[in-house]
Each structure stands twice: as C-alpha cells, then as structure tokens.
Protein chains: 2
Amino acid sequence: MNIGEASRASGVSAKMIRYYEQTGLIPKADRTGSGYRDYAPSDVHMLRFIRRARDLGFAVREIDGLLNLWRDRSRQSSDVKRIAQAHIAQLRERIATLQQMASTLEVLIDCCAGDQRPDCPILAELEEPADRPSPSLPIAPQLRRRP
Amino acid sequence: MNIGEASRASGVSAKMIRYYEQTGLIPKADRTGSGYRDYAPSDVHMLRFIRRARDLGFAVREIDGLLNLWRDRSRQSSDVKRIAQAHIAQLRERIATLQQMASTLEVLIDCCAGDQRPDCPILAELEEPADRPSPSLPIAPQLRRRP
DNA sequence: ATAGGGCTTCCCATCGTTGGAAGGTCAAGG
DNA sequence: CCTTGACCTTCCAACGATGGGAAGCCCTAT
C-alpha cells in the first residue's frame, strides 16, 4: 500500500505521515524497489491511532508516549492514565483561560451600542482597564493566549 | 524613553515591540542619534492597548483593525463591535472544541483502572473508537486541535 | 579608562501543518 | 512503444507569536 492509500485509509495526510516518520514518531517505512514507501495494514492501524490521539488534542510528544505504551504488552494502565490526566489538566487550563477571555469580552460587547457613534466601551477598556482596584503588579500573565 | 523602559512600562517585551514594528502593527519608532529607538508616552499607551488586546486573545491581525479604529476619531462603534463579536465567536468555537476533547477523555479516564494491569480503555478507544453508529465519513475534522 | 548593562541587527527554534518546485515512477490508453 | 496524468520522492519555505543567543555598538558610573 503506498502513502496515498495509507493516507486515505488512516485520515492522516501524506505530508504528515512523512513528517511523523522524519521526527521518529513512527518507524521508517519499508520501500518498494523504486523508492516508494510501502505500508502494511498494521501501519494504517497505527496511523489511525495517532489520528485519534490528535483529535483528542494530544501533542505529538504525548502521542509518542502513548504509542510506546500501546506497543508494550506489559504496560501498566496507570502509566496511560497518568498521561491522559496530565493532558486533561492542560485542556482544562486552556479552557479556563479562554473562558476568562470570553466572559470579559462578552461584558464589553454587551455594553457597546454598536451603532454609528464613535463611543465604544470595548476600545475604552483596552485603552485603560476599568477594573483596577489596586494599580499594582499586573495580575494575569496566565491570561496570555497560549501560555 | 528607550525600548527597555517602554517594555517595562507597557508589559510588552522588547523583542515583541521590535517584532510589532517590523510587521507594521506599529509605526517605526523614532531613533536617537546613536540609533536607539525612542518612545513617547503615547507610544507606551499604544503598547499597553496592544498588550490588553492580546490578553483578551485577539490575534495581531485583529489588533491591527482595532488600532486603526482606536485612532480613528470618526469610527463607528459598530465596527469595533463586529470585530469583537467575530473574535468571541472564535473563542467559543475553540472552547467547544476543547470541551469536547476533555469530556471524551474524561469518560475514558474514569473507565481506566489505572493500576498495574495492561488493560486500558484509553488505549482501546484510540485503537478502535467504540462510538461508531454509522461508520461513514469522518465527522469531526473541526475537532483538530487548532483549526 | 574600563566595566557593566543596554541597545542594535540577524539568525534560529518552537509546533503541527500546508504549499510548492523539481524530478522519478506507474498504469492505462493510443 | 510512447504519451499522459496521477502518483511518488526530496527539499525548502511559510504560517503566528515568542524566546534565545551572538556579535558588535553605546551610555553611564566609577
């Protein structure tokens, strides 16, 4: 099976399959006489595994750990669970960050007339935050988009 | 005021100030005789504006639009609101994506014993998704991590 | 005068993914 | 046998926002 078929069968683009091979996430594929990569059904299986892990938001680095456990018949499920728990903690953190942003912004949007006049609480807030009970240190570095 | 002072006063790193200048988000800074960038308080004001917009998750491209409106005394608040609404829609979409991931993963984690045995529903799910009522087209390309 | 810190530009790395160019290969149809 | 088009190969570049670092100039205080 060449890379195009493997791509269609797994849902992973040919580009990414080559990239995963290059970075060592997956082993080097066998080659046909003419240099084409040649995949077995088990390879497609592995690619689908990767695809699903990506769909759950796992970073490639984490997937590397998952793949090693997947292949290890004597793994302990606690190891898998640990990776998953670390990942879900990250997800929750990112969700909280985004929700904080969204709720702040929503308040501002609700306050904005959205008409032809120039007065705009959104710009006003960006210019000078209203909420400063004590103008000391900046309190929300973790509010950055992707920390 | 040199770039270091402007950085400390605005909360934007010197690196990023140069980057914003290079990409055209902010105008080229004045230079002292020796080539140092020289900032006025109004520049710091603008940098703080940018910083806060970043804290709300606006992309630099969106901030460019906001800055133009900010400087435009005859702006219409509806234009600002439109940008903000488009942005919050993006935020909500990303939140929904992450929440979908998190809830799927949470179910799996709850099902995983997390002990020394190898059996693991998390790996099982990645290997072959249980939930396939109709194995037709893949339905969640928007589930990718950052679409 | 010298030391130290700050400034300049330039290049590189991140992370996952896509795009394209240049060139080799395969299979079907004339 | 040859052409055509679809496929494959490798290599290089870009995205967005940020940080790291090197080489070299500048400023200020001692």
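Residues numbered from 1 in each chain as written. Chains lettered and ligands numbered in written order. Predicted model: local features only at pLDDT ≥ 70, side-chain atom pairs only at ≥ 80, totals over all residues.

Under the annotation held in an unreviewed UniProt entry, chain A carries the name Cu(I)-responsive transcriptional regulator and is attributed to Sphingobium indicum BiD32. Turning to chain A, the UniProt annotation filed under Subcellular location (unreviewed entry) states: "Cytoplasm". (UniProt positions renumbered as here; feature names shortened; annotations may be inferred.)

K.L.:
Any chance you could break down the overall build of chain A for me, citing the residues and the numbers?
P.N.:
The helix and strand tally for chain A stands at six helices and two strands. Its helices and strands taken in sequence order, chain A reads α-α-β-β-α-α-α-α from the N to the C terminus. A total of 147 residues make up chain A; the buried ones form 28% of that total. (Helix = DSSP H or I, 4+ residues; strand = E, 2+ residues; numbered from the N terminus. Buried ≥ 20, exposed ≤ 12 C-beta atoms within 10 Å, placed from the backbone.)

K.L.:
I'd like a description of the interface of chain B and chain A, backed by residues and values.
P.N.:
It is common to give the size of an interface as the accessible area that goes away when the parts come together. Taken together, the 55 residues of chain B in the interface contact 55 residues of chain A. Mapped by element, the contributors of at least two residues to the side of chain B that touches chain A are α3 (41-55), α4 (60-71), α5 (77-111) and α6 (121-127) of chain B. Looking at the side of chain B that touches chain A, the element that brings in the most residues is α5 of chain B, giving 21 residues. The residue inventory of the side of chain B that touches chain A, partitioned by class, reads 28 nonpolar, twelve polar and 15 charged. (Contact = placed C-beta atoms within 7 Å. Nonpolar A, V, L, I, M, F, W, Y, C, P; charged D, E, K, R; others polar.)

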